[in-house]
Structures are given as C-alpha cells and as structure tokens.
Amino acid sequence: MATQSGANVLVNYKVELAASPGTAATGGAATGERLRFLRGSPGLDLARGNIQSTERRPDGLMPMGRLGGKSVAGSYNVELSQGSFDTLIEALMRSTWVSTVAITQTAMTSITTTAGPPGTIVAAAGSWITQGVRVGDIVILTGHADAANNSKLLHVTAVTTTTVTVAETLTTNATPDATFTLTIQKKIITASPYTRRSFTIEEYWQDIDLSEQFLGCRVVSMQIRLQPNGMALATFGFVGMDRSLLASGASPYFTSPTEYTSIALVADDATIRYRGAAMAQFTGLELNFQITAAGQSVLGSLVSPDVYDNDMAVSGQLTRVVDDHDDHTAFDAETEFEIECTLVEPEAEPKSFLHLFFPRVKIAGATSVLGGDGPRIDTHPLMIGPKVAATGYDGTICSILTG
C-alpha cells in the first residue's frame, strides 16, 4: 500500500469568484498558481467546534461529544522573490496592482539632471505629480542622453510639479533632453473602498494522488523577516471556510498552475532607508501586516457564510548597532519618519526588485541588554500608520513596488 511522504506535496491556489467565496475557483485544470514554500511550513488545517452534552448519566460518565462548525486556518513560510507572491500581496493589501506607467517628453517636454546626491530630474513643463510620481516610488530612466543615468533603480524621496528628487547620484546634464522615458514601476497601495479576495488552495499529495482542497481562504497576514547572512523570509497567514477531500482522478484540481522561478532574495542585498538616509547599522528588521478575521457560526450549516476580515494593523521591529542618541530622542518626541526597504536580485541594472515604503513610522520603545560582548544592540518596536493622500504622497499605510 502506497503512503504519502512529508516532502512530496504541492500547494496550488487561485482566486475565487468574488460573489462566491467558499466555492471552488473556476477553471481548475491548467489554471492557478503554484506556491513556493519552505520545508517545515505549517500548511492549512480544518478545525471543528467541539459540542459537549452536560447530561447527568446514572453511570457517572460524560456523554460522547459531537463535532460542530468548520473553520480553516494556517500559514506558509516562504523566501521572498520577485513576482512569485504578487497575487497574495494583492489580496493582503485588498487593492489592485497598478501596472508600470511610462512618462515621456510628450507629457514633460524635456528634462535636465543634477548629480547630488540626492539627484534631481527637472522637467521643462508638465507635472510629475499629475503623471503619478509619488514619494516612495521606484522609477527608471531610459533613453536619456547621458547613458550613466539610464536603467538604474531610482528611489523617489521628494516630488514637486517639475522636479523629481531621488536618493541616488545622477550624472549632471544641463542640456534639455527631449528623448527620454521615466517609468514608474508596478505598484500597489491600500485602497478605499477596499477589494476582498478569497482563494481555493490545494495541497496535493503526489505520492498517493489525493488532495485537500481548502475553500474560502483569505490572506490575513504577512510577516517579513530580515537577518544578516540570511534569506528574506516571509510568512503568509490564511483563514478559510471549509475543506474538501479530492479523490484520485480528481486530484490535482489545478493540473498545470503557473510556476515562478525568480531568484530568492537575500537580506544582505537589501537597501534600507531610515529617517532619510541609507542605513548599515541594522541587525534585523521585522514587518508585520495583520488583519483580524474569523468566520461566523450559523444555525443550519456547519460552514460559515464567509470569512469576515476587519481592519489591517501594520507594525514592525528593528534591531540596530547603537551609534548615537537619535532613536531615543525620536522615541521621546514621537517623531514620525519614513522607512523603505528594497530587496534586489544579484544582477546588472535594472535589477529585479521588491520594494516596501512606509510613509508614517515612529519608534514605540527602546530596550537593550547591558554587559554583553560586541556592540550594544538596541531593539525598537515600530508603530506604523496610514497617511492621508497629500501633494506628492499616496494615501496608504504602505506602498509595495516590484519589477
């Protein structure tokens, strides 16, 4: 008799119809996406409510219990990579990705550049803001007369009607250039009103050709963890409505899902900008997106009508080598600042990347351990809040870009 090994399992998923959460995603077969997950991931599990009678029996024994309503919960550990988790990030942010936006001389007439840092890209006419450029964006300049300015990932740190300021050093070119393209990279921000998505998730047991099919699953958390000499790790959490068992012949439900092969990202390749400057003192960074969510037990059915997701909270924690009082001063004063983290593949420019920008952050505490070997390391929990849309800024708690 064949048995199932622990390792030989595939996880596939697809967005369900918005009007039918808990109904298997249409298309089955050669559709959906394959999840890249790590050894030892918890996966998803079905839970049942326990119903216990309190009848007083003459033999002094408790009656056998019954099983009640169903719910699904669990998570998958992953190594972040460009493009592999865009659909899950979209569901977490409850919004929709905006494709790249190419801005040319048609809109801005011509540009000049100054070196910096920070570098600037100055237009002769038009409006960068009207064209969609925002602080925290990643933009790429191409077709510029000075080749050294082309194909670089540029971090937008300020934007006015005619001037884009970037963190990077550019080559100065004071001659107006009317043959250029400035491309805002693919981006998602939180939305109002937001868009809810549920998933059908299949755990396919390859050795014995059977599947567990989890229905009505909503992405309710993403935790990102960066440590020196390590991969960029994340955990996606889910809450769902029900589970079906698929027999051999009906398994796998998704026969040829899209598979992603981009390079897993390494924490040491990250650029972290903190309070306006690139930092090399961090020894760890953790970012947590959490949506409280649960089903609702009802009479007449063992399955909740939906998974009801509530507000998203975003928080974080950093650890760093201490070199001044600045963080403690900012903690005392409740000073707000920006944080951005860019993870890149090890390749020539323009590098494939995943970028997160938080426009409103403040330090919520400061702890350390005294008397240890090596440098003093402080731990700072972070409060992260939403920003109201303002000139040059998106209204969001976080902007995520990839390309």
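The rules behind each value
Along each chain, the written sequence defines residue order, and numbers are assigned to residues from 1. Local features in this predicted model are restricted to residues whose pLDDT is 70 or higher, and side-chain atom pairs enter the listing and the counts only when it is 80 or higher, whereas totals over whole chains, interfaces and linings include all residues. As a convention, hydrogens and water are excluded, and side-chain values are obtained from all of the structure's heavy atoms. A run of H or I in DSSP counts as a helix once it spans at least four residues, and a run of E counts as a strand once it spans at least two, with each numbered from the N terminus. Exposure is judged per residue with a 1.4 Å probe applied to protein chains only, and the accessible area is read against the type maximum: over 50% gives exposed, under 20% gives buried, and values in between give partly exposed. Note on definitions: a residue-residue contact is assigned when non-hydrogen atoms from the two residues lie within 4.5 Å. Accessible surface is estimated by sampling points in the Shrake-Rupley manner with a 1.4 Å probe; for residues, cover comes only from the protein chains shown. Counted as positive: Lys and Arg. Counted as negative: Asp and Glu. His and the chain ends are not counted at all. Working definition for charges: the position is that of NZ of Lys, CZ of Arg, CG of Asp or CD of Glu. Detection works on a 1 Å grid of protein atoms alone, calling trapped sets that fit a 1.4 Å probe cavities and calling open sets with protein on both sides within 12 Å along at least five of seven lines pockets, with lining residues defined by an atom within 4 Å of a point. Grid points are joined across faces, edges and corners, and a volume is the space filled by probe spheres set on the points. The classification used treats Ala, Val, Leu, Ile, Met, Phe, Trp, Tyr, Cys and Pro as nonpolar, Asp, Glu, Lys and Arg as charged, and all other residues, Gly among them, as polar. At least two DSSP bridges between two strands are needed for those strands to be called paired. In this analysis, axes come from line fits to C-alpha atoms, helices being fitted only over the stretch in contact, and the angle between any two N-to-C directions falls in the range 0 to 180 degrees. Any Lys or Arg side-chain nitrogen located within 4 Å of an Asp or Glu carboxyl oxygen qualifies as a salt bridge.

A. Summary view of the overall build of the protein chain. When its secondary structure is counted, the protein chain shows four helices and 26 strands. Overall, the protein chain is about 95 × 55 × 40 Å in size when its C-alpha atoms are taken along their principal axes. In the protein chain, which comprises 403 residues, the share counted as buried stands at 46%. When contacts within the protein chain are restricted to residue pairs at least 6 apart in sequence, those whose partners lie at least 24 apart make up 72%. Entry remark: accessible area of the protein chain is about 18500 Å², with carbon and sulfur atoms responsible for 54%. Taking the 27 positively charged and 40 negatively charged side chains of the protein chain as two groups, their mean positions are separated by 6 Å.

B. A look at the environment of I384. Looking at where I384 falls in the secondary structure, it is placed in strand β25 (residues 377–384). Between the alpha carbons of I384 and L245 there is a distance of 41 Å; along the sequence they are 139 residues apart. Residue contacts for I384: discarding those within four places in its chain leaves L287, V314, S315, G316, F358, R360, V361 and I397.

C. Region of the structure containing helix α1 (residues 86–93). Counting buried positions over the eight residues of α1 gives eight, a clear majority of the element. Along α1, the residues that are buried comprise D86, T87, L88, I89, E90, A91, L92 and M93. Note on α1: the residue one or two positions beyond its end, R94, has a positive phi of about 50 degrees.

D. Spatial organisation of the layout of surface pockets. Considering only enclosed or pocket space, the largest pocket measures out at about 320 Å³ in volume. Around the largest pocket, the lining comprises 14 residues; the ones closest to its centre are R94, T190, A191, Y194 and I397. Top element by residues in the lining of the largest pocket is strand β21 (residues 307–321). It accounts for three residues. Of the residues that constitute the lining of the largest pocket, the class distribution is seven nonpolar, five polar and two charged.

E. Quick peek at the environment of D311. With respect to the element layout, D311 can be found in strand β21. Residues D311 and A293, 18 residues apart in the sequence, show an inter-C-alpha distance of 8.8 Å. Not counting residues up to four positions away in its chain, the partners in contact with D311 are R94, Q290, I291 and T292.

F. Seen up close, the sheet that holds strand β6 (residues 111–114). Strand order in the open sheet made by the eight strands is β5-β12-β8-β9-β10-β7-β6-β11, with antiparallel pairing throughout. Both edges of this open sheet fall to β5 (101–104) and β11 (173–177), since each of them pairs with a single strand only. On average, each strand axis in the sheet is inclined to that of its neighbour by 30 degrees, with strand direction left out of account. As paired elements, strand β8 (residues 138–142) and strand β12 (residues 181–184) share four bridges and run antiparallel to each other. The partner of V139 across the bridge, within β12, is I184.

G. Expanded view of the pattern of salt bridges. Throughout the structure, instances matching the rule amount to 20 salt bridges. The salt bridge partner of R34 is E259, with a shortest N-O separation of 3.0 Å. Residue R34 is found in strand β2 (residues 33–34), and its partner E259 is found in the loop between β17 (242–246) and β18 (271–274); the two are separated by 225 residues along the sequence. Of the residues examined, R34 reaches a relative accessible area of 15% and is grouped as buried. The salt bridge partner of E90 is R197, with a shortest N-O separation of 3.8 Å. Highlighted residues: E90 in helix α1 and R197 in the loop between β13 (186–189) and β14 (199–205), separated in sequence by 107 residues. Classification of R197 by relative accessible area gives buried; the value is 15%. One network of salt bridges, with partners in common, ties together R94, R196, R218, D306 and D309.

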